[in-house]
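# Coordinates in review
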Amino acid sequence: MRRLSVAATVAALTVARAAHASPLLDTVGPAGGNAGLQGVASGPGAASTYFNPALLAASQEEVLLGVVMLSEQIGVTLDGRRGGDVPLVVGDRDILGADGLPIPNDTVPTQWLEAGCPPGTGQGECPPPGFAARPRQRAGSSGKTRTYLALGLVKHLVPDRFSIGAYAMLPLSSFTTMRGFYPDEREALFSNSLHPELYGDRMTALSVAVGGAFKVLPSLSLGASLGLALSNGVSSRTYVRDSTDYDKLLLNNSVSTQVDVAPNAGVHWQPSRAVRFGGVLRPPSSFSLDAAVTATLASGTESGTQRRETYDYVPWRIGIGAEIDVLRRGSYVMSVAGSATYAFWSTYEDRHGQRPSVYGADLAWSDTMSGALGVRHAYGPARGFVDLLYVPSPVPDQVGRSNYVDNDRVGMAIGGDIEIPIAGARVRPGLSLFAHRLVPRWVRKDDARIRDELPDDAVLGSTRDPVPGARGLQTNNPGWPGFGSAGWLWGGTVTLSVPL
Amino acid sequence: MRPSSWASLATFLSAVSIACVEDVVLPDVDVEPVCGNGVLEPGEACDVKSPGCVACTVVPNWKCGESGCSPVCGDGVVGDGPDCAGARRAEACDMTGYWAARETNYNRDSIAGAIQTSSNWFLYRFEQTGDTFRVVENLDCGVHVTGSITADSTPGTLRSALYLNRMDGGGGRRARQGTSKPSGGGCEVTFERWYKVRGVTDAYLPEDFDARPPLSSLPPLPAVDDPVRSTEFPPGAIDPDGDGNPGTGFRITGFVSGVRNAAQRDWKEFATRPGEPVPAGALVVSIPGAFDLEENVLRVTECGSSCALLASSARPAPDMPNRITLAFIGRERGTPRVDAVVAGPPRSDVEVDLATCANVRLVLPHEDGR
């Protein structure tokens, strides 16, 4: 590798566009209100602002304060390899493909990834400071625990007619992070690891919703809410004096922040005292980042490109649910609740804004139907619930280049609250616990669908001799030759509801 | 609550959670190389489709890379360029030199009538004068049979058969002869009929091979009534492999297994068909032939419940393409081509000759079926 001394002018313009996204709320479920995992038709409260704003009309006026903990224990297991290394000779960058052109620079020796390339100018060394090692899965994402502050409000502005609500879940640490990664062999150049696709940084999304409900009939309410999120715009202009020494980089940034919104719509119908139905429609949302980068070299060459990144993508979802009182005896009421959500995951865009179908039609994601069933109990001032949940994964077996990590999920939640008079106010402390099992999954790659990073017919540029070790498949795809994933999501919620 | 208090709460809640899941990278797999997948893996000398690469081992007098194999020139073999392209014998129809030979014969088992393919390997050194060549040195390098069962010479048989049925003029008989002469742009080749016995004395051979007597006219081979239970050592039988049983031993595997000791007698002869000469100068030639075989099973052992099946014998299948395949090695010992196959002077050391025979079998591997 040659040391290049290049003076360049680089102008980078990064523009962020945002819409509201709440993968966190969808995963954790509502806090408070005895809603369990079925906020679409059950447990009116401040959280209904997001889960079904029409339920605000059925809620008591309250201020909700809570702390939520979510522990994300998703383990990725990479299979051992049986050869397939990109040979060290590729590091000399003297390899030509069958077309006579150098093989792409994103192909690097596997040994560099595993052990690094020491700095130096001799054979087998890289220009200082060298190439840092990136062993497979050393930078994985397992074992993260996060805490959130839950805040909510319900107020009936016009009693029995119009109510408003607000609900927010604010990360107490790792405040709203977004982490891009490639789902294929390109990630070897970065973390060289696999990451759960639908968790991780998506669990730090800022989640704020405000909305209202209008009781159009005594038994029918309609609601709408707006999800709020921050939208960041970044414009960067850099002057690169030396491409091998970024310490000399000159940089001017312009950052703008704005609020963006996305609507939710809900309906709540109570045809009788014992039967309640709910429905909600949520449009797709994401945090997209459009980056326009231009570079001007000292030679006068100008180059530019545009990139779009998509974070926290959530597709169109339609949710329906019902809650039916099956036993009423004195002050004791037992209800059963069921709900289903259809999610259009086939439209998913990953963090680099690409649809999974780019890896093959059979690797496109699927729409999913998830469901929950549970029971609720109410006895005087005390309430409780038990819910069971099943969420299928939209991700097909990753037999090709892509490494989207996701699993079917089965979950259980249990919780309750009780009304206690304190200083003249009837506050309602509550506690709930949940545990979701990510069903173990394992996939073995089809070698024929993996990018062979060193073609069999590659030759040494200097001698035109065949490249030793070029026969067969050579790849740095971190998911090759196969991988498995499994884990748990678990946590709990402590809430305090104070009536207004 | 002040921000610092929230941070403390977050830290506390994080601390009480147990990070019980970690990512894992399983150790790299030390898998057995898969011969035939086209990928050169540890433990393989080659993995390409070429006569120079057999069972992922480089055949003597070939050199292999990742994309293919090419023969080695020299000692009577000429070719073009550094890769010896178009390799051929320098003397088109002269058989003089060392040859690896594989006699391919077909039999039908006496139970289902299924075809069995037999390879019997030899090392030959021929000397040719005029159109006639004769055997100057020979080694019998063993038998391998596939089909309804698989049969191999036992180690004892392999060692003992090396020097039996001499064709080099020793043992009181003249040397086996053949002819090779130019014809129709190729070479017309014959290799005269030769009789062989295994597991019996030479008394069961014809006195005069040139008379070409049919096997049925010769004294019957030794036999026993019940090879499964017999302890008899019939007159005329010998124990060349030293296993304590009469006859020559073959290890049988497949749907039945065990060791079968037999008395065998056969003849084989080979000749190119009129108008169908072998290519002049070809390094490998195949010559059609005829053969007959007699076999009496004298003893079966290590056969469990399948002894009765092992006691049955096979009969020749003359309608099949019986043949001899000859692969030219080189003209003289002391040259790289010959020394790559012939480990030492034949008949001077059994171990050396066994090594030579292993090379011969590699040069012309067993061909199953037609």
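Residues numbered from 1 in each chain as written. Chains lettered and ligands numbered in written order. Predicted model: local features only at pLDDT ≥ 70, side-chain atom pairs only at ≥ 80, totals over all residues. Heavy atoms only, no water.

This next bit is on the overall build of chain A. When its secondary structure is counted, chain A shows three helices and 20 strands. Relative to its 500 residues, chain A shows a buried fraction of 51%. Put simply, 72% of the contacts in chain A that link residues at least 6 apart link residues at least 24 apart. Total accessible area on chain A stands at roughly 21400 Å², and carbon and sulfur atoms take up 60% of it. (Helix = DSSP H or I, 4+ residues; strand = E, 2+ residues; numbered from the N terminus. Buried < 20%, exposed > 50% of the residue type's maximum accessible area, 1.4 Å probe, protein only. Contact = heavy atoms within 4.5 Å. Areas by Shrake-Rupley, 256 points an atom, 1.4 Å probe, with all protein chains shown as cover.)

This next bit is on the interface of chain A and chain B. Every contact between the two is made by 30 residues of chain A and, on the other side, 23 residues of chain B. Both sides of the chain A and chain B interface together cover about 2100 Å² of buried area, and 61% of this is carbon and sulfur. When the area that chain A buries against chain B is broken down by residue, the three leading residues are Gln73, Leu172 and Arg471 of chain A, summing to 25%. Viewed at the interface, chain B and chain A are joined by zero salt bridges. Summed over the shared surface of chain A and chain B, the number is seven residue pairs in polar contact (both at pLDDT 80 or more). Contributing elements (two or more residues each) for the side of chain A that touches chain B: strand S2 (62-78) and strand S4 (144-158) of chain A. When residues of the side of chain A that touches chain B are assigned to their parent elements, the largest contribution, nine residues, is made by S2 of chain A. A breakdown of the residues in the side of chain A that touches chain B according to their chemical character gives eleven nonpolar, 14 polar and five charged. Examined bridge by bridge, S2 of chain A and strand S1 (residues 24-25) of chain B share two bridges and lie parallel to one another. The partner of Thr77 of chain A across the bridge, within S1 of chain B, is Val24 of chain B. (Buried area = accessible area lost by both parts, 1.4 Å probe. Salt bridge = Lys/Arg side-chain N within 4 Å of Asp/Glu carboxyl O. Polar contact = N/O pair within 3.5 Å; in protein donor to acceptor, adjacent residues only side chain to side chain. Nonpolar A, V, L, I, M, F, W, Y, C, P; charged D, E, K, R; others polar. Pairing = 2+ DSSP bridges.)

It is worth spelling out the side chain of Thr146 of chain B at this point. All names here are of chain B. With respect to the element layout, Thr146 can be found in strand S10 (residues 132-146). Among the polar contacts made by the side chain of Thr146, one reaches the side chain of His366 at a distance of 2.8 Å. Not counting residues up to four positions away in its chain, the partners in contact with Thr146 are Ile115, Gln116, Thr117, His366 and Asp368.

Looking now at empty space enclosed by the protein. On inspection of all chains with the given rule, the structure shows nine cavities of 30 Å³ or more. One number sums up the size of the largest cavity: a volume of about 640 Å³. Taken together, 36 residues make up the lining of the largest cavity; nearest its centre are Asp26, Thr341, Ser370, Val391 and Arg409 of chain A. Elements with a minimum of two residues in the lining of the largest cavity: helix H1 (23-28), strand S9 (275-282), strand S12 (317-329), strand S13 (332-343), strand S14 (368-379) and strand S15 (382-391) of chain A. A per-class count over the lining of the largest cavity returns 18 nonpolar, twelve polar and six charged. One number sums up the size of the second largest cavity: a volume of about 310 Å³. As for the second largest cavity, its lining consists of 20 residues, and the residues nearest its centre are Asn107, Ser118, Val145, Gln264 and Leu293 of chain B. Those elements that provide at least two residues to the lining of the second largest cavity are strand S8 (97-109), strand S9 (115-129), S10, strand S11 (149-153), strand S14 (248-254), strand S15 (258-271) and strand S17 (284-301) of chain B. (1 Å grid on protein atoms, 1.4 Å probe; cavity = no way out; pocket = protein on both sides within 12 Å on 5 of 7 lines; lining within 4 Å. Points joined across faces, edges and corners; volume = space filled by probe spheres on them.)

On to the environment of Leu64 of chain A, then. Within the fold, Leu64 of chain A resides in strand S2. The residues touching Leu64 of chain A, leaving out its near neighbours within four places in the chain, are Ala31, Ala46, Ala150, Leu151, Gly152, Tyr167, Thr495, Leu496 and Ser497 of chain A.

A ring pair, where both rings are aromatic, is described by two values, the distance of the centres and the angle of the planes. Residues and elements named next belong to chain B. This structure, assessed with the given rule, holds 22 aromatic pairs over all chains. Summarising the aromatic geometry, the rings of Trp99 and Phe126 are spaced 6.4 Å apart at their centres and angled 40 degrees between planes, so their arrangement reads as tilted. With a gap of 27 residues between them, Trp99 in strand S8 and Phe126 in strand S9 connect regions that are remote in the sequence. Using a relative accessible area of 0% as the deciding quantity, one classes Trp99 as buried. The class for Phe126 is buried, based on a relative accessible area of 1%. Ring plane angle 50 degrees and centroid distance 4.6 Å describe the contact between Phe126 and Phe133, whose orientation is recorded as tilted. (Phe/Tyr/Trp six-rings, centres within 6.5 Å; stacked < 30°, edge-to-face > 60°.)

Counting residues in each nonpolar core, the largest one holds 42 residues, and the members touching the most others are Leu70, Tyr167 and Met169 of chain A. Looking at this core, the element that brings in the most residues is S2 of chain A, giving four residues. Apart from residues no more than four positions distant in its own chain, Met169 of chain A is found in contact with Leu24, Leu25, Val28, Val68, Tyr148, Leu149, Ala205 and Ser207 of chain A. With 39 residues, the next largest nonpolar core counts Phe122, Met167, Leu218 and Ala263 of chain B among its residues. (Core = buried A, V, L, I, M, F, W, Y, C linked by side-chain atoms within 4.5 Å.)

This brings us to the pattern of salt bridges. Summed over all chains, the structure comprises 45 salt bridges over all chains. Asp397 of chain A is paired through a salt bridge with Arg441 of chain A; the nearest N and O atoms lie 3.1 Å apart. Of this pair, Asp397 of chain A sits in the loop between S15 and strand S16 (409-418) while Arg441 of chain A is found in strand S18 (residues 425-444), placing the two residues 44 residues apart along the sequence. Here Arg441 of chain A falls in the partly exposed class, since its relative accessible area comes to 22%. A salt bridge links Arg273 of chain B to Glu276 of chain B, with the nearest nitrogen and oxygen atoms 3.8 Å apart. Residue classification places Glu276 of chain B among the partly exposed positions, given a relative accessible area of 47%. Through salt bridges that share partners, Asp106, Asp184, Glu185, Arg186, Arg401 and Arg451 of chain A make up one connected network.

Inspection of the entire model under this criterion finds eight disulfides over all chains. The disulfide that involves Cys117 of chain A links it to Cys126 of chain A, with 2.0 Å between the sulfurs. Torsion about the S-S bond of the Cys117 of chain A and Cys126 of chain A cystine: about 100 degrees, corresponding to right-handed handedness. The exposure classification of Cys117 of chain A matches that of Cys126 of chain A, with both residues buried. Here Cys64 of chain B pairs with Cys69 of chain B through a disulfide, and the sulfurs are 2.0 Å apart. The chirality of the disulfide connecting Cys64 of chain B with Cys69 of chain B is right-handed, given an S-S dihedral of about 105 degrees. For Cys64 of chain B, a relative accessible area of 25% corresponds to the partly exposed category. (Disulfide = S-S within 2.5 Å.)

Right, let's get into helix H5 (residues 350-363) of chain B. All names here are of chain B. Taking 1.5 Å of rise per residue, 14 residues should cover 20 Å, and H5 covers 20 Å from first to last C-alpha, within 8% of that figure. Within H5, the full set of buried residues consists of Asp353, Leu354, Thr356, Cys357, Val360, Leu362 and Val363. The opening residue of H5 is Asp349, an N-cap whose side-chain oxygen sits 2.8 Å from the backbone nitrogen of Glu351. (Expected span 1.5 Å × (residues − 1).)

Here chain A averages 87 in pLDDT, while 86% of its residues score no lower than 70. Within the model, pLDDT remains below 50 along residues 1-21 of chain A, and this stretch shows 107 contacts once partners closer than five positions in the same chain are excluded. (pLDDT = per-residue confidence, 0-100.)

Residue and element names in this part refer to chain B. Relative to S14, S11 runs antiparallel, the two sharing five bridges. The residue bridging Asp152 from the neighbouring strand is Arg251, located in S14. As consecutive antiparallel partners, S14 and S15 are separated by three residues.

A few words now on a nonpolar patch on the surface. All names here are of chain A. Among the surface-exposed residues, Leu157, Val158, Phe162, Phe214, Val216, Leu217, Leu222 and Val267 lie close enough to one another that they form a single nonpolar patch of about 620 Å² accessible area. Broken down by element, the nonpolar patch gets its largest block of residues, three residues, from strand S6 (residues 207-217). Here Val158 shows up in strand S4. Residue classification places Val158 among the partly exposed residues on the basis of a relative accessible area of 41%. (Patch = residues over 30% accessible without salt bridge, like charges linked within 9 Å, V, L, I, M, F, W, Y side chains within 5 Å.)

Negative charge collects at one region of the surface, where Asp85 and Glu114 of chain A together with Asp28 and Asp30 of chain B lie side by side. Position of Asp85 of chain A relative to the elements: it lies in the loop between S2 and strand S3 (95-96). (Lys, Arg positive; Asp, Glu negative; His and termini not counted. Charge placed at Lys NZ, Arg CZ, Asp CG, Glu CD.)

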